[in-house]
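# Coordinate analysis (summary)
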Amino acid sequence: MEIKVSENVTSTPCEVIVINKFEGEKTSIELANKYAVDKDRFEGKLGETYILHTFGQIPADKILIIGTGKKEEFDANKMREIVAKSVKKLQQIKAKNAIFDFDINADYGKSAAIGALIADYAFDKYKNKKADRVDEITFAKFSEKEVKEGIVFANAMKMTRDLANEPAQFATPEKLADVAKNIEGVTTQIFDKDEIERMGMGAYLAVGQGSVHPPRFIHMKYTGKNIKKKIALIGKGICFDSGGLDIKPASSMLTMRDDMSGAACILGVMSALKYLEPDAEIHGIIAACENMPSGSSYKPGDILTAKNGKTIEVDNTDAEGRLTLADALCYACELGVDEVIDIATLTGACMVALGTVASGIMGNDKEMINSLIETAKSSGETYWELPMFPEYKDSLKSDIADMKNTGSRYGGASTAGVFLQEFVKGPKWCHIDIAGTAFLEKPQKEFISGATGAGVRTLLNYVKNI
Ligand code: BES
Ligand code: MG
Ligand code: ZN
């Protein structure tokens, strides 16, 4: 879908003109007021739609009225939702172009563009019959600058969603490394198995050793013109999580190609930095590998040594994400950054606690946690803080190593958090668990089923606002 911005639209012919209606108010078009509002009593509740054929009375074939609810409650997040809803309606009626001429006194161009492109998304590359798409929309009331930024954000989300939706047969560690190498505006280093071994990443290496696809450690670096802060962003990059020898039941394994959603998020974020030019040094780090059962797999009872020298008894090979993140966190801390954020489809427990509605967040710095929660809120995502009480560490006690990789079944998201903290030394750190939010089994709000691009908008706004 192409998105344009143009102020003079009153006489431009189009298939559909999209206008809005607040509850208790009229619309900007007389014809719509006469038929939809006066005759049909269309109220304009948030997200409600009404289609009116114009029969040539104005230059558009149809008017689509989208309800914008109560005027005093309207905000950027609602703008995104109603534009997404409108685009879905346009797809349904097979319209190919539309002009959005909203009667709203604020420049919501960024949210509007993001909403339109989220709704335009379909993962149909492997389908012979493609999804219905709108070719072109024009925003009449928003600035070019805001709309452009929205397109940058949406393109990053699309990259993330495409990668996470891609079958694991194609989205291998090598493939992620190739994608990283082709991102413009960053310098990228790729480390192969031998180099990973030389760097002492024994925990990460063990996870990948059962797969025919070798691991790839990816380090991207963006250097802003004006560096106010140094940040490392780490994404969990398990290209497929079978559970390993502690193999998952079929129903839990089904969507485990999404276990690199954190990595896909970081790749999407890094791809947008060139356009956003944040005042920061930003490292994108991914320890990519596959968790597979085979004769060469790591085994329950094995003892692994992480990059910081700490030893880990493998209690469960399905708690693999934290092992790969442990080494990635050590690596990030050695870069001398101010802040580290890791984002990971880490625990089923987080999904049980928060569902698909919110991501879990933990960390060692209250201010940073709150800042990310606030940024998420204004970005259209929801983060919810989970506790990191020191008692959670008790269940990780091992008789033969410094710790085990899993503890009690209860409080699993927090146990994973305190495990990760063992590998953070120096910087402020936050961990975002997107197990529930990264991949939807059924449509939710403006998202179709499949990958959502969780984390992309929040992390982009976070680095942009430095
Ligand atoms: N990748 C999974 C977590 C997950 C579950 C992500 C559901 C998305 C949806 C992770 O590697 C895992 O298997 N975690 C185990 C940990 C357990 C063995 C302590 C889990 O949550 O069951
Ligand atoms: Mg697992
Ligand atoms: Zn996993």
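Residues numbered from 1 in each chain as written. Chains lettered and ligands numbered in written order. Predicted model: local features only at pLDDT ≥ 70, side-chain atom pairs only at ≥ 80, totals over all residues. Heavy atoms only, no water.

By the criterion of burial, strand β10 (residues 280-291) is predominantly enclosed, with 12 of the 12 residues buried. Alternating positions in β10 separate into two faces, Ala280, Ile282, Gly284, Ile286, Ala288 and Glu290 on one and Glu281, His283, Ile285, Ala287, Cys289 and Asn291 on the other, with burial throughout. As judged from the 8 bridges shared by strand β8 (residues 216-223) and β10, these two strands associate in the antiparallel manner. When the sheet's bridge partners are listed, Tyr222 is paired in β10 with Ile282. Sheet topology places strand β9 (residues 229-241) next to β10; 11 bridges connect them, and they run parallel. Residue Ile234 lies in a different strand from β10, and its bridge partner there is Ile285. (Buried < 20%, exposed > 50% of the residue type's maximum accessible area, 1.4 Å probe, protein only. Helix = DSSP H or I, 4+ residues; strand = E, 2+ residues; numbered from the N terminus. Pairing = 2+ DSSP bridges.)

With that settled, consider the sheet that holds strand β11 (residues 303-305). The 3 strands are arranged β11-β12-β16 in an open sheet whose pairing can be described as mixed. Each edge of the open sheet is held by one strand with a lone partner, namely β11 and β16 (403-404). By the bridge criterion, 2 bridges tie strand β12 (residues 311-313) to β16 in an arrangement that is parallel. The residue bridging Glu313 from the neighbouring strand is Lys404, located in β16.

Once that is clear, we can look at the nonpolar core. In this structure, Leu176, Met220, Leu267, Met270, Leu459 and Leu460 are the most contacted members of the largest nonpolar core, which totals 58 residues. At 10 residues, helix α9 (residues 261-276) tops the list of elements feeding residues into this core. The contact partners of Leu267, leaving out residues within four places of it in the chain, are Met159, Leu163, Leu176, Val179, Ala180, Ile183, Met220 and Ile286. (Core = buried A, V, L, I, M, F, W, Y, C linked by side-chain atoms within 4.5 Å. Contact = heavy atoms within 4.5 Å.)

Moving on to the site of ligand 1. In the vicinity of ligand 1 there are 16 residues, among which Asp241, Lys248, Asp318, Glu320 and Gly348 approach most closely. A distance of 2.9 Å is found between an oxygen atom of ligand 1 and a side-chain nitrogen or oxygen belonging to Asp241. Interatomic distance of 2.8 Å between a side-chain N/O atom of Asp318 and an oxygen atom of ligand 1. For ligand 1, the protein covers 78% of the area, taking 520 Å² as the surface of the free molecule. Where the shell around ligand 1 is concerned, the elements lending two or more residues are β9 and α11 (348-354). Partitioning the shell around ligand 1 into residue classes produces 4 nonpolar, 5 polar and 7 charged. (Near = heavy atom within 4 Å. Polar contact = N/O pair within 3.5 Å; in protein donor to acceptor, adjacent residues only side chain to side chain. Areas by Shrake-Rupley, 256 points an atom, 1.4 Å probe, with all protein chains shown as cover. Nonpolar A, V, L, I, M, F, W, Y, C, P; charged D, E, K, R; others polar.)

It is worth spelling out the packing of helix α2 (residues 76-92) against helix α3 (residues 109-120) at this point. The contact between α2 and α3 brings their axes to 7 Å, and the two run at 40°. Here α2 is positioned oblique relative to α3, judged by the angle of their axes. Remark: the crossing between α2 and α3 carries right-handed chirality. Along its contact with α2, which presents Ala76, Met79, Arg80, Val83, Ala84, Val87, Lys88 and Gln91, the element α3 presents Ser111, Ala112, Ile114, Gly115, Ala116, Ile118, Ala119 and Asp120. Of the residues belonging to the contact of α2 with α3, the class tally is 10 nonpolar, 3 polar and 3 charged. (Axes fitted to C-alpha atoms, helices over the stretch in contact; angles between N-to-C directions. Parallel < 35°, antiparallel > 145°, perpendicular 65-115°, else oblique. Left-handed = near helix turned anticlockwise from the far one by under 90°.)

Here the focus is the coordination of the magnesium ion (ligand 2). Around the magnesium ion (ligand 2), the donor atoms from the protein are Asp241 (OD), Asp318 (O), Asp318 (OD) and Glu320 (OE), and they sit 2.0 to 2.2 Å away. In this structure, the magnesium ion (ligand 2) is coordinated by 6 donor atoms arranged in irregular fashion, with angles at the metal of 72 to 168°. For the magnesium ion (ligand 2), the donor residues sit on a single chain with the sequence spacing D-x76-D-x1-E. A separation of 3.2 Å is found between the magnesium ion (ligand 2) and the zinc ion (ligand 3), which are bridged by Asp241. Of this pair, Asp241 sits in strand β9 while Asp318 sits in the loop between β12 and α10 (321-333), placing them 77 residues apart in sequence. By relative accessible area, which is 23% here, Asp318 ends up partly exposed. (Donors = N, O, S within 2.8 Å, 3.2 Å for Na, K, Ca; no water. Tetrahedral: all angles 85-135°; square planar, octahedral: opposite > 155°, others 65-115°.)

Turning to the coordination of the zinc ion (ligand 3), a few remarks are in order. Within the protein, the atoms that donate to the zinc ion (ligand 3) are Lys236 (NZ), Asp241 (OD), Asp259 (OD) and Glu320 (OE), at distances of 2.0 to 2.4 Å. One can describe the donor arrangement at the zinc ion (ligand 3) as octahedral, given that its 6 donor atoms subtend angles of 78 to 175° at the metal. Read in sequence order, the donor residues coordinating the zinc ion (ligand 3) give the pattern K-x4-D-x17-D-x60-E. Relative accessible area serves as the criterion here: at 2%, Lys236 is assigned to the buried category.

Moving on: the pattern of salt bridges. As enumerated under the stated definition, the model contains 31 salt bridges in all. For Asp132, the salt bridge is made with Lys94, and the minimal N-O distance between the two is 2.7 Å. Here Asp132 is found in the loop between α3 and β6 (136-139), whereas its partner Lys94 is found in the loop between α2 and β5 (97-100), with 38 residues between them in sequence. Accessibility expressed as a relative area gives 35% for Asp132, which makes it partly exposed. Take Lys94: its relative accessible area is 51%, and that puts it in the exposed class. Measuring nitrogen to oxygen at the nearest pair gives 3.0 Å for the salt bridge that ties Lys225 to Glu277. Highlighted residues: Lys225 in the loop between β8 and β9 and Glu277 in the loop between α9 and β10, separated in sequence by 52 residues. (Salt bridge = Lys/Arg side-chain N within 4 Å of Asp/Glu carboxyl O.)

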